[in-house]
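# Analysis of the macromolecular model
So the chains spell out like this:
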Amino acid sequence: MRISTKYATLLFLAALIALTPFFFPSGYYFRVGSMLFVNGLAVTGIVILTGYAGQISLGHAGFAGIGGYACALAPVHWGLPPALAIVLGAAVSGVLAFLVGRPILRLKGYYLGVASLGFGILVSMVLNNERALTRGPDGIEVPDLGLRGLLKDWGLSLTNGEFWYALTGICLLIGAWIALNLHSSPTGRALRALHGSEVAAGTVGIDVARVKLQAFVISAIYASVAGSLMALQNKFVTPDIAGFLHSVEMVTMAVLGGVASVPGAILGAGVLTLLPQVLTVFSDYEQLILGAVMMAVMIFLPEGLVPSILRRIRGRDE
């Protein structure tokens with residue numbers, strides 16, 4: 001029996017997450033792996049918005065900031081457990097994405113990019129300026145999730161690095177599973193039709209405005225959950241999480257690996273997460289080498305790493 005591409009992708013990703021730790025030379029690599037998984041989760045949301053629906057957002061880090069600060073503020077001010085604060089951040093991000101998306105998604109091209117950038121800048125400004133609540137640029141501490149201690153009571157003792165590696169890996173698998181299921185669903189087909197041509201999609205009965213808004217809300221929730229996991233893992237969060245550079249980094253990861261491909265986007269997140277670690281031995285030239293690698297990929301593999309490589313492999317087979 002032949003396994004579908006969707007399940008083959010999930011099985012490969014699960015095997016990679018489960019087996020890679022056996023080759024880690026030290027506990028530090030669990031930390032790097034969890035960073036990769038958090039970035040991969042955020043970028044999977046970009047795949048749904050940009051890769052499937054063809055919409056551009058340069059302010060998605062704003063939703064990551066909302067998720068991160070929800071985990072810092074909700075337990076202190078409202079007594080919510082950090083796990084429920086993740087849900088609260090996702091809900092607030094989804095509602096804001098719905099309210100903001102209705103007007104800005106009527107725009108197209110770089111007008112949409114600039115409008116979404118404005119949202120991200122607005123969130124960043126609020127986090128920086130509302131010192132009484134967020135402590136401004138200095139950042140704020142985030143309470144411990146508490147799940148690791150609960151697992152220890154149940155007899156499963158994990159180091160901090162192992163715990164966050166496992167938790168973020170599971171979250172990435174769930175996020176990838178949802179995105180891959182969405183791709184083959186009626187909503188996913190509507191999104192891809194929209195990407196091809198909004199006019200053609202409208203002529204066959206697709207509610208263009210509603211479908212675009214759905215993609216925007218879903219991708220915002222992905223970014224929020226990723227921001228919450230990042231804040232909880234670091235036990236500290238600053239307004240940089242909602243900054244413009246973080247938004248650009250998310251889009252760059254997706255484009256580098258293949259913005260229309262879930263495994264490609266995760267690979268792009270992996271490349272941009274791991275390369276700075278590898279290039280520390282070339283500290284004086286790290287940014288130069290990183291930029292050269294990205295330029296080379298975009299020149300020689302314009303569709304992104306995974307789609308371009310698969311296309312060349314299929315071409316050889318034919």
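Owing to the predicted nature of the structure, the values given are computational and were not obtained by experimental measurement. Residue positions are given per chain, counted from 1 along the sequence in the order it is written. In view of the model being predicted, local features appear only for residues whose pLDDT reaches at least 70, and side-chain atom pairs are presented and counted only at 80 or more, with totals across whole chains, interfaces and linings using the full set of residues. Side-chain metrics in this entry use all non-hydrogen atoms of the structure; hydrogen atoms and water are not considered.

## Some remarks on the overall build of the protein
- Strands here mean DSSP runs of E at least two residues long; helices mean DSSP runs of H or I at least four residues long; both are numbered from the N terminus. Of the regular secondary structure elements, the protein holds 15 helices and two strands.
- Restricting the calculation to C-alpha atoms gives the radius of gyration, and the globule rule supplies 2.2 Å times the number of residues raised to the power 0.38. A globule of 318 residues ought to have a C-alpha radius of gyration of about 20 Å, and the protein, at 20 Å, matches this closely.
- Across its three principal directions, the C-alpha atoms of the protein cover 55 × 45 × 45 Å.
- Residue contacts follow a heavy-atom distance rule, with two residues in contact if any of their heavy atoms lie within 4.5 Å. Sequence separation of at least 24 residues holds for 75% of the intrachain contacts in the protein that already meet a minimum separation of 6.
- Residue burial considers only the protein chains on display, and all accessible areas are found by Shrake-Rupley using a 1.4 Å probe. Total accessible area on the protein is roughly 16200 Å²; 68% of this is exposed by carbon and sulfur atoms.
- The average position of the 19 basic charges and that of the 15 acidic charges among the side chains of the protein differ by 10 Å. In this count, Lys and Arg are taken as positive residues and Asp and Glu as negative ones, while His and the chain termini are left out. Note on charges: their place is set at NZ of Lys, CZ of Arg, CG of Asp or CD of Glu.

## Concerning the pattern of salt bridges
- Throughout this description, the term salt bridge denotes a Lys or Arg side-chain nitrogen within 4 Å of a carboxyl oxygen of Asp or Glu. Per the counting criterion, the structure on display carries two salt bridges.
- Between K235 and D144 there is a salt bridge, with the nearest N and O atoms lying 3.4 Å from each other. Placement of the pair is K235 in the loop between helix 11 (208–234) and strand 2 (236–237) and D144 in the loop between strand 1 (140–141) and helix 7 (147–153), with a sequence separation of 91 residues.
- Overall, the relative accessible area of 37% leaves K235 in the partly exposed class.
- A salt bridge links D207 to R210; the shortest N-O distance between them is 4.0 Å. Throughout, exposure labels follow a simple rule: accessible area from a 1.4 Å probe, protein chains only, divided by the maximum for the residue type, with under 20% read as buried, over 50% as exposed, and the rest as partly exposed.

## Side note on the side chain of S247
- The topology assignment puts S247 in helix 12 (residues 244–257).
- Among the polar contacts listed, one links the side chain of S247 to the backbone nitrogen of A61, at a separation of 3.0 Å.
- Excluding its chain neighbours within four sequence positions, the residues that come into contact with S247 are L58, G59, H60 and A61. Distance and chemistry together define a polar contact, namely a pair of N or O atoms within 3.5 Å, with one atom able to donate a hydrogen and the other to accept it when in protein, and with adjacent residues in sequence counting only for side-chain atoms on both sides.

## Here we look at the packing of aromatic side chains
- Each Phe, Tyr or Trp ring, with Trp reduced to its six-membered ring, pairs with another whose centre is within 6.5 Å; inter-plane angles below 30 degrees give stacked pairs, above 60 give edge-to-face pairs, and intermediate values give tilted ones. For the structure shown, the criterion picks out nine aromatic pairs.
- Between F24 and F30, the aromatic rings sit 5.0 Å apart at their centres with planes inclined by 90°, giving edge-to-face as the arrangement.
- Here the aromatic residues F24, Y28, Y29, F30, F37 and Y165 are joined through ring pairs into a cluster of three or more.

## A word on unusual backbone geometry
- Backbone geometry places R135, a non-glycine residue, at a positive phi of 65°.
- Considering the arrangement of structural elements, one finds R135 in the loop between helix 6 (131–134) and strand 1.
- Positive phi values are uncommon outside glycine, yet K235 reaches one of about 60°.

## Section: the packing of helix 3 (residues 61–77) against helix 4 (residues 82–104)
- Closest axis-to-axis distance for the helix 3/helix 4 pair is 8 Å, and the angle between their directions is 140°. In terms of orientation, helix 3 lies oblique with respect to helix 4. In this structure, helix 3 meets helix 4 at a crossing whose hand is right-handed. Facing helix 3, whose interface residues are F63, I66, G67, A70, C71, A74 and P75, helix 4 presents P82, A85, I86, L88, G89, V92, S93, L96 and A97. Axis geometry follows a simple rule: fit a line to the C-alpha atoms, using only the stretch in contact for helices, then measure angles between N-to-C directions, giving values from 0 to 180 degrees. What sets the label is the angle itself: under 35 degrees gives roughly parallel, over 145 gives roughly antiparallel, 65 to 115 gives roughly perpendicular, and the rest give oblique. Handedness of a crossing is defined here by the sense of rotation of the near helix relative to the far one, left-handed for an anticlockwise turn of less than a right angle and right-handed for a clockwise turn.

## Focus on the nonpolar core
- Buried Ala, Val, Leu, Ile, Met, Phe, Trp, Tyr and Cys residues form a nonpolar core when they are joined through side-chain atoms within 4.5 Å. Counting residues in hydrophobic clusters, the biggest one holds 82 residues, and the most contacted among them are I48, Y52, F63, L191, V237 and V262.
- It is helix 11 that provides the largest number of residues to this core, a total of 13 residues.
- Among residues more than four places away in sequence, those in contact with I48 are A53, A179, L182, L191, A215, I218 and Y222.

## Considering helix 11
- Helices are assigned an expected span. That span is 1.5 Å times one less than the residue count. For helix 11, with 27 residues, the first-to-last C-alpha span of 39 Å sits near the 39 Å given by 1.5 Å per residue.
- Trailing helix 11 by a residue or two, K235 shows a phi angle of about 60°, which is positive.

Worth remembering: the numbers are spatial, not functional.
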